[in-house]
Amino acid sequence: MSLSWSVPDLLQHKQEGLSFHEEVVLPLELFRADPEIRRMSPIDVKGVVEFSRRSLTFHLQIRGKMVLPCAVTLEDVDYPFKINSSETFLLAGAAEDPAVKGEFVHSIEEERIDLVPYLVEAIMVEKPMRVVSEKAKADLHITGEGWTFVKGGQSKRQIDPRFEKLKKFFDE
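Description of the structure in this document.

Basis of the calculations
Residues numbered from 1 in each chain as written. Predicted model: local features only at pLDDT ≥ 70, side-chain atom pairs only at ≥ 80, totals over all residues. Heavy atoms only, no water. Core = buried A, V, L, I, M, F, W, Y, C linked by side-chain atoms within 4.5 Å. Buried < 20%, exposed > 50% of the residue type's maximum accessible area, 1.4 Å probe, protein only. Helix = DSSP H or I, 4+ residues; strand = E, 2+ residues; numbered from the N terminus. Contact = heavy atoms within 4.5 Å. Phe/Tyr/Trp six-rings, centres within 6.5 Å; stacked < 30°, edge-to-face > 60°. Salt bridge = Lys/Arg side-chain N within 4 Å of Asp/Glu carboxyl O.

## Concerning the nonpolar core
The nonpolar side chains of a soluble globular protein tend to be buried with one another.
Then step 1. Formed by 37 residues in total, the largest nonpolar core has its most connected members in Phe20, Phe58, Ile62, Leu115 and Ile123.
Then step 2. Broken down by secondary-structure element, the contributors of at least two residues to this core are helix H1 (7-11), strand S2 (18-24), strand S4 (43-51), strand S5 (55-69), strand S6 (76-90) and helix H2 (116-126).
Then step 3. At 6 residues, the largest contribution of residues to this core is made by S5.
Then step 4. Residues in contact with Phe58, not counting those within four places in the same chain, are Trp5, Leu10, Phe20, Val48, Val49, Ser85, Ser86, Glu87, Phe89, Ile113 and Leu115.

Structure representation (structure tokens):
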């Protein structure tokens, strides 16, 4: 089973409901909008479909692991994630219904619902701006040419030697 259904197939489950649990491999090219994502593990997707007269709502739990660069060392860092998401799709004829106007919903194209683009979007939205490896967090003495890594709260009030002459300027 994949994460794509035809609307008539989904509507057959309206009385008893539909739940699913799939492992999906999302190709890395789906994440090309963010080159920081270096690798993606197979994604575990659990879902339940909620049926209404006008729409289908997929309540999803998405788990996986992505590999991102460390913000300090640029080494690979495994970043596990767990995302809860809901995606609502309007059934035919519901688009004209004023009761659903204003809600964040998706239209159904060609009588098929494919959840993969919505999984990719949910993962991209939840991706952190930066991650720091445990090794970089533990190493307090990371330095480079003209810079030193300072952990929060450890900053010493040091004046840059290039600005030392400016201090004398204000004394005059």
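The rest of the description comes next.
## With respect to H2
For an α-helix the count is 3.6 residues per turn, leaving residues at separations of three or four pointing the same way.
Then step 1. Buried within H2 are the following residues: Tyr118, Leu119, Val120, Ala122 and Ile123.
Then step 2. Contacts made by the buried residues of H2 are with strand S3 (39-40), S4, S5, S6, strand S7 (106-107) and strand S8 (112-114).

## Here we look at the packing of aromatic side chains
Then step 1. Counted under the stated rule, the structure contains 5 aromatic pairs.
Then step 2. Pairing Trp5 with Phe20 gives two aromatic rings, centres 5.0 Å apart and planes at 55°, and the pair type is tilted. Of the two residues, Trp5 is situated in strand S1 (residues 4-6) and Phe20 in strand S2; the sequence distance between them amounts to 15 residues. Of the two residues examined, Trp5 and Phe20, each falls in the buried class.
Then step 3. Each ring, one from Phe89 and one from Tyr118, has its centre 5.3 Å from the other, and the planes form 85°; the classification is edge-to-face. With a gap of 29 residues between them, Phe89 in strand S6 and Tyr118 in helix H2 connect regions that are remote in the sequence. Each member of the pair, Phe89 as well as Tyr118, carries the same accessibility label: buried.

## A few points about the environment of Phe104
Then step 1. As for its placement among the helices and strands, Phe104 is situated in the loop between S6 and S7.
Then step 2. Taking C-alpha positions, Phe104 is 8.6 Å from Glu87, a pair spaced 17 residues apart along the chain.

## Thoughts on the pattern of salt bridges
Then step 1. Using the criterion set out here, one finds 6 salt bridges in the structure.
Then step 2. As a salt-bridge pair, Lys127 and Glu36 come within 3.2 Å of each other at their nearest N and O atoms. Of this pair, Lys127 sits in the loop between H2 and helix H3 (134-138) while Glu36 sits in the loop between S2 and S3, placing them 91 residues apart in sequence.
Then step 3. Overall, Lys127 belongs to the buried group, its relative accessible area being 11%.
Then step 4. For Glu36, a relative accessible area of 34% corresponds to the partly exposed category.
Then step 5. For Glu75, the salt bridge is made with Lys135, and the minimal N-O distance between the two is 3.4 Å. Here Lys135 lies in helix H3 and Glu75 lies in the loop between S5 and S6, a separation of 60 residues in the sequence.

Without other data, these values stay purely geometric and don't point to any function.
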